[in-house]
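The primary structure of each chain is shown beneath.
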Amino acid sequence: MKKSDFLNELHEFLEIESVESFNVNTNLINLDEYDSLAIMSIVAFIDEKFSSKLTSNQLAGIVTIKDLIELVGNEKFED
Amino acid sequence: MSSQISIIATYLPKNILTNQMISDEFPHWNPEKIELKIGIKERHIVSDNETALDLAINACEKAFEKYDRELIDFVILCTQSPDYFLPTSACILQSKLKLRNNIGAFDINLGCSGFVYGLAIAKAFISSKIAKSVLLVMSETYTKHINKLDFANRSIFGDGASAIIIEECADSKIHEFSLGTDGTGANNLIIPTGGMRKKWIPDAPLTEDETGNKRTDNNLFMDGPEIFNFTIETVPALIEEVLLKNALLLAEVDYFIFHQANKFMLDYLRKKIKIPKEKFYINMLYTGNTVSSTIPIALKDCIENRIVKPGDKVLLCGFGVGYSWGATIITI
């Protein structure tokens, strides 16, 4: 998956309206929409796209989308 | 001896907590968003002096409007909100319902998997001739365990009870079971204090999670992401196993009723298991997640509204706290 597609699809999946688009430096935890439902959605999104499991501890360490990408593994992206 | 479900009755407490009421207390929560995502608009909440035993009595009395209580020869009550450590709530229930004395009664302490386990026990008791008519009661008041400032859990859980009568019959209508347990998940859905391991703490300190929900160790704690992970790992394999045990293909099942945890999780599970939308029940709009009663409430709705019809094969599946899970197939 390309990082740009990942950013767009995640933005859509989380139904984000407070920022127009995501970039790798977007601060997830400061988003208005970042609540327990958003966290559950991130877990589902990563499972669906990468068949990867994110633990609660890993999620607690996420601040930016870059952190999320690193958790999934940079090697899983084409660029 | 074979067994079947003869009666399903449900009871919800009168007080209602709406999404708007949650949003009034916690403006960050948008009522429409709660409804859209978790599929819940309202949930019923017990009053301070109302317990799971009270809800259970009401559900059973509704069941006895259509069934002779003298026939009941076993009572199984599933609850995690008993009136006392001891005596067993099922014993008190026997007396409150004026049931016969020459019958057995006990509680089972399970959450969202409880109905499937209760059904398994009832079937086993009937097939071994220990009982002929089992009253299986699920009653839960999780809201008593939830902190008023824990808006995530308050939006999900509702209180409620259900009473099911399982009887002996000629042709088996309750088929094979798959059950499972993984206690390594115990800490992910737990009330840490109040038992013997850690006593209830007066003036326990409030802690806040990263999304602003507050609770103490005396309250219900649910690690949402871990519970989600558990569910999406366990349930697809459970469905595969129970289909195999019943020698059925997914396409041969007429309808699927899963524990109504929340809409988002159910939608995700349905897609992952590849169950057609029209064969999959999602409706907790006016009840919320009532823990062990969600499947009986759903089953009653399906029968009354002809979503399922006599002869249909229906897969029932419960999963949650413990971790504990179970599934079976019944014929309507």
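Residues numbered from 1 in each chain as written. Chains lettered and ligands numbered in written order. Predicted model: local features only at pLDDT ≥ 70, side-chain atom pairs only at ≥ 80, totals over all residues.

A. Looking closely at the overall build of chain A. Counting its regular elements, chain A contains four helices and zero strands. When the helices and strands of chain A are placed in sequence order, the string is α-α-α-α. Computed over the C-alpha atoms, the radius of gyration of chain A is 11 Å, within 12% of the 12 Å expected from 2.2 N^0.38 for a compact globule of 79 residues. Overall, the C-alpha framework of chain A stretches about 30 × 25 × 20 Å when taken along its three principal axes. Within the span of chain A, comprising 79 residues, buried residues form 25% of the whole. (Helix = DSSP H or I, 4+ residues; strand = E, 2+ residues; numbered from the N terminus. Rg over C-alpha atoms; globule rule 2.2 N^0.38 Å. Buried ≥ 20, exposed ≤ 12 C-beta atoms within 10 Å, placed from the backbone.)

B. Region of the structure containing the pairing of strand β14 (residues 313-320) of chain B. All names here are of chain B. Among the eight residues of β14, seven are classified as buried, and the element is accordingly described as predominantly covered. In the sheet, strand β13 (residues 255-258) pairs with β14 via four bridges, with the strands oriented parallel. In the strand pairing of β14, Phe258 is matched with Cys317. Bridge count for β14 against strand β15 (residues 324-331) is eight bridges, and the pairing is antiparallel. Counterpart to Phe319 in the pairing with β15 is Trp325. In this antiparallel pair of consecutive strands, β14 and β15, the connection spans three residues, and Gly322 shows a positive phi of 145°. (Pairing = 2+ DSSP bridges.)

C. Representation of the packing of helix α2 (residues 36-50) of chain A against helix α7 (residues 224-245) of chain B in the model. It is the contact of α2(A) with α7(B), at a shortest axis distance of 9 Å, that shows an interaxial angle of 35°. Once α2(A) is placed against α7(B), the crossing between them reads as right-handed. The segment α2(A) lies against α7(B), with A:Ser36, A:Ile39, A:Met40, A:Val43 and A:Asp47 engaging B:Gly224, B:Pro225, B:Phe228, B:Asn229 and B:Ile232. A breakdown of the residues in the contact of α2(A) with α7(B) according to their chemical character gives six nonpolar, three polar and one charged. (Axes fitted to C-alpha atoms, helices over the stretch in contact; angles between N-to-C directions. Left-handed = near helix turned anticlockwise from the far one by under 90°. Contact = placed C-beta atoms within 7 Å. Nonpolar A, V, L, I, M, F, W, Y, C, P; charged D, E, K, R; others polar.)

D. Molecular detail of the domain arrangement of chain B. Residue and element names in this part refer to chain B. On domain assignment, one finds that chain B holds domain 1 (2-171) and domain 2 (176-331). Computed over C-alpha atoms, the centres of domain 1 and domain 2 are 15 Å apart. Of all the secondary-structure elements, those providing two or more residues to the side of domain 1 that touches domain 2 are β1 (2-11), α2 (31-38), β3 (42-45), α5 (114-127), β6 (133-140), α6 (151-156) and β7 (160-169). With six residues, the single largest contributor to the side of domain 1 that touches domain 2 is α5. (Domains from an automatic or database assignment.)

E. Geometry of the nonpolar core. Residue and element names in this part refer to chain B. If you look at the biggest cluster of nonpolar residues, it comprises 115 residues, and the most contacted ones within it are Ala56, Ala59, Val134, Leu135, Val137 and Ile257. Shared between two domains, this core holds at least three residues of each, these being domain 1 (2-171) and domain 2 (176-331). Not counting residues within four places of it along the chain, the set of residues in contact with Ala59 comprises Ala9, Thr10, Tyr11, Val137, Ser139, Ala161, Ser162 and Ala163. (Core = buried A, V, L, I, M, F, W, Y, C linked by C-beta atoms within 7 Å.)

F. Representation of the packing of helix α3 (residues 52-63) of chain B against helix α4 (residues 89-96) of chain B in the model. All names here are of chain B. At a minimum axis separation of 10 Å, α3 and α4 run at an interaxial angle of 45°. When the interaxial angle is binned, α3 and α4 end up oblique. Our pair here, α3 against α4, has a crossing hand that is right-handed. Contacts between α3 and α4 involve Leu53, Ala56 and Ile57 on the former and, on the latter, Ser89, Ile92, Leu93 and Lys96. When its residues are assigned to classes, the contact of α3 with α4 shows five nonpolar, one polar and one charged. (Parallel < 35°, antiparallel > 145°, perpendicular 65-115°, else oblique.)

G. Main features of the sheet that holds strand β8 (residues 174-181) of chain B. Residues and elements named next belong to chain B. Spatially, the four strands line up as an open sheet ordered β8-β15-β14-β13, and their pairing is mixed. The two strands at the open ends of the sheet, each matched to only one other strand, are β8 and β13. The average undirected angle you get between the axes of adjacent strands in this sheet is 15°. Running at roughly 60° to β15, α5 makes contact with β8, β14 and β15 of the sheet.

H. Representation of the environment of B:Thr10. All names here are of chain B. Structurally, Thr10 can be placed in strand β1. When the 24 C-beta atoms within 10 Å are taken as the criterion, Thr10 is described as buried. Linking Thr10 and Ser293, residues 283 residues apart in sequence, is a C-alpha distance of 8.2 Å. Ignoring any residue separated from it by four or fewer positions in sequence, one finds Thr10 in contact with Ala59, Gly160, Ala161, Ser162, Ser293, Pro296, Ile297 and Lys300.

I. Seen up close, the sheet that holds β1(B). Residue and element names in this part refer to chain B. Pairing within the open sheet is mixed, and its five strands lie in the order β1-β7-β6-β4-β5. Only two strands of the sheet have a single neighbouring strand rather than two, namely β1 and β5 (104-108). On average, each strand axis in the sheet is inclined to that of its neighbour by 15°, with strand direction left out of account. Summarising the sheet, β6 and β7 pair through eight bridges and their orientation is antiparallel.

J. Focus on α2(A). Residue and element names in this part refer to chain A. The first and last C-alpha atoms of α2 sit 21 Å apart over 15 residues, in line with the 21 Å expected at 1.5 Å per residue. Taken together, the buried positions of α2 are Ser36, Leu37, Ala38, Ile39, Met40, Ser41, Ile42, Val43, Ala44 and Ile46. Looking at the residues trailing α2, positive phi occurs at Ser51, about 50°. (Expected span 1.5 Å × (residues − 1).)

K. Highlighting the interface of chain A and chain B. Tallying the contact residues gives 16 residues for chain A and 14 residues for chain B. Residue assignment for the side of chain A that touches chain B shows that the elements contributing at least two residues are α2 and α3 (56-60) of chain A. The residue makeup of the side of chain A that touches chain B, split by class, is 10 nonpolar, three polar and three charged.

L. Structural view of α4(B). Residue and element names in this part refer to chain B. Residues of α4 that are buried include every one of Ser89, Ala90, Leu93 and Gln94, and no others. Taken around the axis of α4, the buried residues stretch over an arc of 145°, which confines them to a single face. Contacts made by the buried residues of α4 are with α3, β4 (74-78), β5 and β6. The first or second residue beyond α4 is Lys98, which carries a positive phi of 55°. (Arc of directions from axis to C-beta.)

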